[in-house]
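Next come the chains, spelled out residue by residue.
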Amino acid sequence: MEKLGIGIIGCGNISSAYLTAMASFPVLDIRGIADLNQGLAEQRAGEFNLVARSIDDLLSDPQIQLIVNLTVPKAHVEVGLQALAHGKHTYSEKPLGVTFAEGLKLAETAKASGLRIGAAPDTFLGGAHQTARSIIDTGVLGMPVGGTATFMCPGHERWHPNPDFYYEAGGGPMLDMGPYYITDLVNLLGPVAKVAGFAIAPRSERTITSEPRNGEKIPVHIPTHVSGVMAFESGAVVQIGMSFDVAGHKHVPLEVYGTEGTLIVPDPNKFGGDIELLKKGGSFEPQPTTEPYADGNYRSLGVADMAHAILSNRPHRANGDLALHVLEVMEAFGKAADSGQTITIATRPERPAPLSQSIVDGRLAR
Ligand SMILES: NC(=O)c1ccc[n+]([C@@H]2O[C@H](COP(=O)([O-])OP(=O)(O)OC[C@H]3O[C@@H](n4cnc5c(N)ncnc54)[C@H](O)[C@@H]3O)[C@@H](O)[C@H]2O)c1
């Protein structure tokens, strides 16, 4: 089968999940991996039987068509622009950028160059989320009404060895976890039209309780508890809570309401999970997962879809328009909080096409 040449930049934590899952997608021909930290690139290359190369070497290799960017959020746009400047398509980890303005610059540069950009999350392509999408698309929920999206935890300083960046500009619960929830909701309900919200930082410093810096205090520069509302173009109004300040809660990750029913959607940071449907007058019933990619780690499914799409000249699903919209929405919560105003969202991506067939075996998805 035809393959696409892939170069990976960024060999940190998440690269292991990508490199493991990429082995399931024969369309991806990984021609090298690189990192600012060459030792790390070599270590990862050894673990996965790949070749560690310099960043410049990857960028100037004519056999590489797509750069997968797994660097830290602050570097996503800078590395993406480098890839585009070398004539490569590029797919990055989430978020697309740390501000809408820089994400827009990347998107406009790609369009002007005739190249594609893509971005995580791709968990919305997972079997549970595609099944939820297919249930909604039958119309069983009736007219769209609303929903809830909830990620709330006590903060990442409990487990991350160097949690400082979560409390600096570009960090915070919204930019860190919002992409999973908002992307899935756009997949389920279509684009967001308006945002209202509040954002607070109850504490000006946090105490690390993970090793090796246990007991050290770090400053907080961003809101750590965001509570808002998204008005979707479809008419649905969804409450969202993203927090690093909540000791515990009993909400499910996502609920979607229509006039005729309610759908419980599992964790959008995972590909699978339990779906439940309640039809008006009835009770919640578990729903079988009917779509592929539900049972495990498929991080890079969005890259595989993008590679197939490039080779067959069709749109890809985890695309730049979608990621830019999600970034605009996430930034709007801060703007709403600062101004006390409702923020109108300018971008209107198309809802990605359902992923209705497996691409593991190399067949092209529609
Ligand atoms: N760790 C996770 O569990 C996880 C899960 C989902 C998504 N992500 C996302 O993945 C991305 C990376 O996270 P991570 O946990 O792997 O971070 P990490 O800090 O472990 O790794 C990032 C790597 O990028 C490299 N890097 C930074 N700037 C670079 C540049 N300009 N050029 C080349 N290399 C550069 C660093 O040297 C580092 O090795 C982030 O966007 C994060 O949001 C992480």
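Residues numbered from 1 in each chain as written. Predicted model: local features only at pLDDT ≥ 70, side-chain atom pairs only at ≥ 80, totals over all residues. Heavy atoms only, no water.

Enquirer: How would you summarise unusual backbone geometry if you had to cite specific residues and measurements?
Expert: The step from Lys94 to Pro95 runs through a cis peptide bond, and the omega angle for that step is -10°. Considering the arrangement of structural elements, one finds Pro95 in the loop between β4 (89–92) and α5 (100–113). Pro212 follows Glu211 through a cis peptide bond whose omega is 10°. Mapped onto the elements of the fold, Pro212 is located in the loop between β8 (205–207) and β9 (217–219). Phi is positive for Asn49, close to 55°, though the residue is something other than glycine. (Helix = DSSP H or I, 4+ residues; strand = E, 2+ residues; numbered from the N terminus.)

Enquirer: Give me the lowdown on the domain arrangement of the protein chain, citing residues and values where you can.
Expert: With domains assigned, the protein chain is organised as domain 1 (4–119) and domain 2 (124–287). Summing both sides of the interface, domain 1 and domain 2 together bury roughly 490 Å²; the carbon and sulfur share of this comes to 60%. Counting the surface domain 1 buries against domain 2, the share from its top three residues, Lys94, Pro95 and Val98, is 71%. For the pair domain 1 and domain 2, the number of links is one salt bridge. Put simply, Lys94 and Asp176 hold a salt bridge, and the shortest N to O gap is 3.2 Å. (Domains from an automatic or database assignment. Buried area = accessible area lost by both parts, 1.4 Å probe. Salt bridge = Lys/Arg side-chain N within 4 Å of Asp/Glu carboxyl O.)

Enquirer: Can you break down helix α1 (residues 15–22) residue by residue, with the values?
Expert: In an α-helix, one turn spans 3.6 residues, which is why side chains three or four residues apart end up on the same side. Counting buried positions over the eight residues of α1 gives six, a clear majority of the element. Along α1, the positions that sit buried rather than exposed are Ser15, Ala17, Tyr18, Leu19, Ala21 and Met22. As for α1, its buried residues are in contact with β1 (4–9), β2 (28–34), α2 (38–48), β3 (66–69), β4 and α8 (301–312). (Buried < 20%, exposed > 50% of the residue type's maximum accessible area, 1.4 Å probe, protein only. Contact = heavy atoms within 4.5 Å.)

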